[in-house]
Amino acid sequence: MKDNQDPPIEIVEESYADADEHDIDPAATLKKLKDKLKRCLEEKQMYLDLSQRFKADYSNLQKQTAVDREGTIKRANQNLLRDLLELADAFDYALGDEASLAAVPAGWRQGLDGLRAKLVAIFRQHGLEPFTPAVGDNFDPSSHEPVSSVDAESADQDNLIIAVVDKGYRLYDKIIRPAKVKVSVYKQ
């Protein structure tokens, strides 16, 4: 049956066997039938409205479930990526130690560079990007974590980044690890 077709109406014939020919009033019978039809149409509309509400509720539930699932996956990815940041830091420290790298065969250095490059590619594939504030930038507590402070000579040098200890990381637009910095503080 198509959606726009009304279901067939079941016609129930009333028995007038006991009724006298003169007792049958066509106007009263017609009024009864019209009242019954009106009740059936109202009931039909009630069920149609109920069906449409259920359909809309189900559609909204599907959308909310998809949003929840996506949020769960992002949180799981965020936790895993945050754990892998320690590995990226280890590569940065190893590759940043020029004296130790000079003593290692060239093949090992290339291997470390290749592994770190793969790790960075995986980070980018999942929306994780490093950021490094510049020395001289203003300290921003929402994206920087102070690891130490140094006395500033003047008020215009107050709250400035004087060194970057570790870079920070953003997952999409959310900072999951602030950059670790040294900050100048002016004391009067």
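To keep things clear, this report deals only with the structure shown in the data block. (Residues numbered from 1 in each chain as written. Predicted model: local features only at pLDDT ≥ 70, side-chain atom pairs only at ≥ 80, totals over all residues. Heavy atoms only, no water.)

The next thing to look at is the side chain of Ser 143. The residue Ser 143 is located in the loop between strand 1 (128-131) and strand 2 (144-151) in this model. On the basis of relative accessible area, Ser 143 is assigned to the buried category, the value being 8%. Contact partners of Ser 143, with chain neighbours within four places excluded, come to Phe 131, Ile 175, Pro 178 and Ala 179. (Helix = DSSP H or I, 4+ residues; strand = E, 2+ residues; numbered from the N terminus. Buried < 20%, exposed > 50% of the residue type's maximum accessible area, 1.4 Å probe, protein only. Contact = heavy atoms within 4.5 Å.)

This brings us to the nonpolar core. Leu 81, Leu 85, Ala 88, Phe 91, Leu 119, Phe 123, Leu 128, Tyr 169, Leu 171 and Ile 176 together form the largest nonpolar core, which totals 10 residues. Mapped by element, the contributors of at least two residues to this core are helix 1 (26-96), helix 3 (106-125) and strand 4 (168-171). Residue contributions to this core peak at 4 residues, all from helix 1. Those residues in contact with Leu 81 that lie beyond four places of it in its chain are Phe 123, His 126, Leu 128 and Leu 171. (Core = buried A, V, L, I, M, F, W, Y, C linked by side-chain atoms within 4.5 Å.)

Side chains of Met 46, Tyr 47, Leu 50 and Phe 54 sit close together on the surface and give an oily, nonpolar patch of about 420 Å² of accessible area. By the secondary structure assignment, Met 46 is in helix 1. Classification of Met 46 by relative accessible area gives partly exposed; the value is 46%. (Patch = residues over 30% accessible without salt bridge, like charges linked within 9 Å, V, L, I, M, F, W, Y side chains within 5 Å. Areas by Shrake-Rupley, 256 points an atom, 1.4 Å probe, with all protein chains shown as cover. Salt bridge = Lys/Arg side-chain N within 4 Å of Asp/Glu carboxyl O.)

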